[in-house]
Amino acid sequence: MFTDYKKLPDNSRVWIYQSNREFTNKEIDFISTKAEMFINSWTRHGDNLKGSFTIKYNQFLVLAVDESFNNVSGCSIDSSVRFVQEIEKELGVDLMDKMNITFKDNEHINLVTLADFQKFAKEQKITSETIVFNNLVNTKVDFENHWEVPANQSWHKRFLV
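Below you will find a few notes about this structure. (Residues numbered from 1 in each chain as written. Predicted model: local features only at pLDDT ≥ 70, side-chain atom pairs only at ≥ 80, totals over all residues. Heavy atoms only, no water.)

With that out of the way, let us pick up unusual backbone geometry. Positive phi, close to 50 degrees, is recorded for tyrosine 57, a residue that is not glycine. By the element assignment, tyrosine 57 lies in the loop between strand S4 (51-56) and strand S5 (60-65). Exposure remark for tyrosine 57: the relative accessible area of 33% places this residue in the partly exposed category. (Helix = DSSP H or I, 4+ residues; strand = E, 2+ residues; numbered from the N terminus. Buried < 20%, exposed > 50% of the residue type's maximum accessible area, 1.4 Å probe, protein only.)

With that out of the way, let us pick up the packing of aromatic side chains. This structure, assessed with the given rule, holds 13 aromatic pairs. A centroid spacing of 4.9 Å and a plane angle of 90 degrees characterise the contact between phenylalanine 60 and tryptophan 147, whose relative ring orientation is edge-to-face. Of the two residues, phenylalanine 60 sits in strand S5 while tryptophan 147 sits in the loop between helix H4 (140-146) and strand S9 (148-150), which places them 87 residues apart along the sequence. Grouping residues by exposure puts phenylalanine 60 and tryptophan 147 together as buried. Judged by centre distance (6.1 Å) and plane angle (65 degrees), the ring pair of phenylalanine 103 and phenylalanine 117 falls under edge-to-face. Here phenylalanine 103, found in strand S6 (residues 100-105), pairs with phenylalanine 117, found in helix H3 (residues 114-122); they are 14 residues apart in sequence, far enough to count as distant. When sorted by exposure, phenylalanine 103 lands in the same class as phenylalanine 117, which is buried. These aromatic residues form a ring-pair network of at least three members: Tyr57, Phe60, Phe133, Phe143 and Trp147. Directly above the aromatic system of tyrosine 5 lies the positively charged group of lysine 140, at a separation of 4.9 Å from the ring centroid. (Phe/Tyr/Trp six-rings, centres within 6.5 Å; stacked < 30°, edge-to-face > 60°. Lys NZ or Arg CZ within 6 Å of the ring centre and 35° of its normal.)

Where helix H1 (residues 25-41) meets helix H2 (residues 74-91), the closest approach of the two axes is 11 Å, and the angle between their N-to-C directions is 155 degrees. With respect to H2, the axis of H1 lies roughly antiparallel. Between H1 and H2 lies a crossing of right-handed hand. Contact residues: H1 offers Glu27, Phe30, Ile31, Lys34, Ala35 and Phe38, while H2 offers Ser79, Ser80, Phe83, Ile87, Glu90 and Leu91. (Axes fitted to C-alpha atoms, helices over the stretch in contact; angles between N-to-C directions. Parallel < 35°, antiparallel > 145°, perpendicular 65-115°, else oblique. Left-handed = near helix turned anticlockwise from the far one by under 90°. Contact = heavy atoms within 4.5 Å.)

By themselves, these observations are geometric and do not establish any function.
Here you go:
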């Protein structure tokens with residue numbers, strides 16, 4: 001059951017999928033249509049889930065579920081992963097590679113491999129103040145307040161010099 005993202009409670013569960021490239025406007029329209037259709041049919045053992053999505057920086061797809069309405073199950077999570085894999089196939093993008101790291105350079109979003117991120121940190125091209133995207137947050141409130149943070153306030157800090 002699709003609902004507006006802004007209307008979901010703060011404790012809603014989120015999953016963040018970062019693309020290996022920016023989406024075009026046409027692709028955003030495509031994803032938005034497909035996501036709304038998916039969420040309208042998303043269930044947990046036959047019971048509707050109340051969910052939504054948002055797209056940030058034309059590069060991040062965020063799925064969200066209001067677990068105070070119905071909890072997600074392993075099967076419902078699996079179906080969301082299949083949905084994301086369908087988007088990947090349709091658009092020729094990679095949304096599942098957890099070994100890619102994104103960070104900001106002024107307003108530019110950079111996506112690099114974990115190895116390159118470590119190298120840049122060692123060379124101090126990435127510092128404790130570099131804004132990183134912590135895709136491990138798992139609630140809407142954490143997404144909105146702790147997703148874009150300085151590297152020293154995220155799991156990324158382990159790579160800093």
